[in-house]
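Chain by chain, the residues run as shown.
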Amino acid sequence: MSGASCSAARAEVPERRAAPCRDPRRRAPPRPLSAAPRRVLVALLAAAALGCSSTREHVAPPAPEVGSAPSARAHPPGLAEAPAPAGERAAAPPLAEAAPPRPPELDLLRPADGPYAHFFAALRALEQGRRRDHVRVAWLGDSHAAADFWSGAVRAALQRRFGDGGLGFMHLGYAAYRHDGARLTADGKWRPRPKTPGGSAPIDDGVFGLGGILFGAHQAPVRAEITVTSAGPPPRLLWDVCFRPSAPTDEVAVTIEGGPSEVLRAAAGDAPGALQHAKLASVGAMKLGIAPSGGAELCGLVVERDPEAGPGVVLDTLGINGARLATPLRWSELGWAAELARRSPELVVLEYGTNEAGDVTTDPSLYAKQLAELLARARRVEPDVDCLVLAPTDRRDAPERTPVIRDVLRDAAREGGCAFWDTYEAMGGRGSIDAWYRERPPRASRDGVHLTFRGYRELGVKLSNDILERYRP
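Residues numbered from 1 in each chain as written. Predicted model: local features only at pLDDT ≥ 70, side-chain atom pairs only at ≥ 80, totals over all residues. Heavy atoms only, no water.

1. A word on the sheet that holds strand S13 (residues 347-351)
The condition is simple: Two strands are said to pair when DSSP picks up at least two bridges between them. A helix here means a DSSP run of H or I that spans at least four residues, while a strand means a run of E at least two residues long, and both kinds are numbered starting from the N terminus. Axis lines are fitted to C-alpha atoms, over the contacting stretch for helices. Their N-to-C directions set the angle, which ranges from 0 to 180 degrees.
Spatially, five strands are ordered S12-S2-S13-S14-S15 in an open sheet, and the strand pairing comes out parallel. Taken across any chain shown, the strands that pair with only one partner, and hence form the sheet edges, are strand S12 (313-319) and strand S15 (419-421). The mean inter-strand angle of the sheet, taken between neighbouring strand axes irrespective of direction, is 20°. The pairing of strand S14 (residues 386-390) with S15 spans three bridges and is classified as parallel. Bridge pairing in S15 links Val389 to Phe420.

Rendered as structure tokens:
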């Protein structure tokens, strides 16, 4: 993209505007939560979503193995603590609580950063050694994100500058999904739920985990495996396994390279169908295998470096093939909110619009309402989260409609106080998808919708350069 195109993309970033807290489309003023209120929030969300959700932590000794002792209920560093299981009375919070330490990010907020203010403040705290936890980014999107070439380039650029916090979220058992920092395999016959993950109509109870899809065995046995392919010495890794058992007898067998198998089951007293989280730790291990049995379903895996050894940036790729803005709105708001609160991102990236450009019978104004509602859901959990909306890529079969969708998303981003990056303009506008396909090697695929590795990487480099050019230490 030419320098003029870069300027055009940057020009769409509005200044953050003050607005009443009750308007979900606007940013609320900073309201740092102490540890106790955040634990209460996540407990309420999880309990309201489905009984309650449990977290178990297994920390292996300094060897690549999984601890085999009975699990203790503890929350991962920097993540929200899950509620006590059903039947156990949680300790009442004290009537008066000492004021929590002032988060260092609040001293580093700069109005000139506009819609990136909180994200950039967190990066400054990280760069200055004043932050102990990772800075997390949640990237929701369609098949462009599911490929993780575009988002992967952004992840790599941020981690080079601010430190590598790990791979983040990954789907397990999803054959049409990849991650830039890992090799994923899915052996056997798997069954996704919802059956059409990228659909829009509500289905079942809507509790599908952070990534919006559950994967179980269509025909046993099934096994998924992840191998971390990052360069460098094997660090201490934290593996957060999410699963959903439907009966007390359901099991999930987990093996970390060099260690014994760990069999995960529903926590005693938990409501049937509650999402479960098991936190495993390893030193030197780069491979994990997982096999659900019975009616157990997998709702994803988060892999992070231990922030105690040095915090960095983590970018969660939450892409689903065929997804639209309506897709995450079909999920249970409370169920998804509980999972988002565990991740506590500083920036949410919304990468939709390419599939909407092909929905010629839908009024484009609907997408502004859907974007506003999706932002409202995220901000009801994380009031200070920043947001970045990406325009759709050019599309061969929708030359007239694609720029209309772009304009709707641009205006909705401005209305919601989000940054906006004009992907359509960055590609060269109308007809660019064909121009990119005719190149040798091509930057676009034959289908006139998707890009090649080269094309996605170029977009990722341009986007990350634009973000880093705006950042001031």
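2. Remarks on the pattern of salt bridges
Cut-off, in case you're wondering: The salt bridge criterion pairs a side-chain nitrogen of Lys or Arg with a carboxyl oxygen of Asp or Glu, the two atoms within 4 Å. Only protein chains enter the accessibility calculation, which uses a 1.4 Å probe; a residue whose area is less than 20% of its type maximum is buried, one above 50% is exposed, and one in between is partly exposed.
The tally for this structure, following the rule as stated, stands at 38 salt bridges. Notably, a salt bridge pairs Asp407 with Arg406, separated by 2.6 Å at the nearest N-O pair. A residue is classified by how much of its surface remains accessible, and Asp407, at 26% relative accessible area, is partly exposed.

3. Comments concerning the packing of helix H7 (residues 333-343) against helix H9 (residues 365-381)
Counted only if it meets this: Here the word oblique covers every angle except those under 35 degrees (roughly parallel), over 145 (roughly antiparallel) and from 65 to 115 (roughly perpendicular). Less than a right angle of anticlockwise turn of the near helix away from the far helix marks a crossing as left-handed, whereas a clockwise turn marks it as right-handed. Residues are treated as being in contact if the distance between any of their heavy atoms lies within 4.5 Å. Ten residues, namely Ala, Val, Leu, Ile, Met, Phe, Trp, Tyr, Cys and Pro, are considered nonpolar, four, namely Asp, Glu, Lys and Arg, are considered charged, and the remaining ones, Gly among them, are considered polar.
Packing of H7 against H9 brings their axes to within 9 Å, and their N-to-C directions diverge by 55°. Taken together, the axes of H7 and H9 lie oblique to each other. The element H7 and its partner H9 pack so that their crossing is right-handed. Together, Glu333, Trp336, Ala337, Leu340 and Ala341 of H7 and Glu373, Arg377, Ala378, Arg380 and Val381 of H9 make up the contact between the two elements. A per-class count over the contact of H7 with H9 returns six nonpolar, no polar and four charged.

4. Structural notes on the state of the cysteines
Where we set the bar: In what follows, a disulfide is any cysteine sulfur pair within 2.5 Å.
For the structure on display, the rule yields two disulfides. Between the sulfur atoms of Cys242 and its disulfide partner Cys299 the distance amounts to 2.0 Å. One disulfide, between Cys242 and Cys299, carries an S-S torsion of -85° and so falls in the left-handed class. Separated by 57 residues along the polypeptide, Cys242 in strand S6 (residues 236-244) and Cys299 in strand S11 (residues 297-305) bring together distant segments of the chain.

5. Overview of the side chain of His277
For clarity, the threshold we go by: In protein, a polar contact requires one atom able to donate a hydrogen and another able to accept it; more generally it is a pair of N or O atoms within 3.5 Å, and residues adjacent in sequence count only if both atoms are side-chain atoms.
Among the secondary structure elements, His277 is positioned in strand S9 (residues 276-283). By relative accessible area, which is 5% here, His277 ends up buried. Side-chain polar atoms of His277 contact the side chain of Glu339, separated by 2.8 Å. Within polar-contact distance, the side chain of His277 engages the side chain of Arg342 at 3.5 Å.

6. Here's the deal with helix H10 (residues 401-415)
For clarity, the cut-off: A helix is expected to span 1.5 Å multiplied by its residue count minus one.
The end-to-end C-alpha separation of H10 is 21 Å, in line with the 21 Å expected for 15 residues at 1.5 Å each. Of the surrounding secondary structure, the elements contacted by the buried residues of H10 are helix H8 (354-357), H9, S14, S15 and helix H11 (423-427). Backbone geometry just after H10 places Gly417 at a positive phi near 75°.

7. Concerning the packing of aromatic side chains
Heads up, the rule is: Two aromatic rings, drawn from Phe, Tyr or Trp (for Trp, its six-membered ring), form a pair once their centres lie within 6.5 Å of each other, and the interplanar angle then sorts them: stacked below 30 degrees, edge-to-face above 60, tilted otherwise. Only lysine NZ and arginine CZ atoms are considered, and such an atom sits over a ring when it is within 6 Å of the ring centre and within 35 degrees of the ring normal.
The full count for this structure, using the stated rule, is ten aromatic pairs. Pairing Tyr174 with Tyr177 gives two aromatic rings, centres 5.8 Å apart and planes at 10°, and the pair type is stacked. Pair check on accessibility: Tyr174 and Tyr177 agree, each one buried. Against the face of Tyr437 rests Arg396, its NZ or CZ located 6.0 Å from the ring centre. Over the ring of Trp436 we find Arg443; its NZ or CZ atom is 4.0 Å from the centre of that ring.

8. Observations concerning the confidence of the model for the chain
What counts is decided by this rule: As a per-residue measure, pLDDT reflects the predictor's confidence and takes values from 0 up to 100.
Residues with a pLDDT of 70 or more make up 78% of the chain, whose mean pLDDT is 83. Counting interchain partners and residues more than four positions distant, the pLDDT-below-50 stretch residues 46-52 has 23 contacts. Segment residues 58-97: pLDDT under 50, and 90 contacts once partners within four positions in sequence are set aside and those in other chains are kept.

9. Considering the nonpolar core
Quick note on the threshold: Nine residue types can take part in a nonpolar core, namely buried Ala, Val, Leu, Ile, Met, Phe, Trp, Tyr and Cys, and a core is a set of them joined through side-chain atoms within 4.5 Å.
Counting 72 residues, the largest nonpolar core has Ile226, Trp239, Leu288, Ile290 and Leu301 as its most contacted members. At seven residues, strand S5 (residues 214-228) tops the list of elements feeding residues into this core. Residues Tyr116, Phe162, Leu459 and Tyr471 belong to the second largest nonpolar core, which totals 35 residues.

10. Some points on the environment of Trp331
Mapping Trp331 onto the fold places it in the loop between helix H6 (326-329) and H7. Of the residues examined, Trp331 reaches a relative accessible area of 5% and is grouped as buried. Along the chain, Trp331 and Asp204 lie 127 residues apart, while their C-alpha atoms are 9.3 Å from each other. Within the structure, the side chain of Trp331 is placed 3.4 Å from the backbone oxygen of Thr327, a separation counted as a polar contact.

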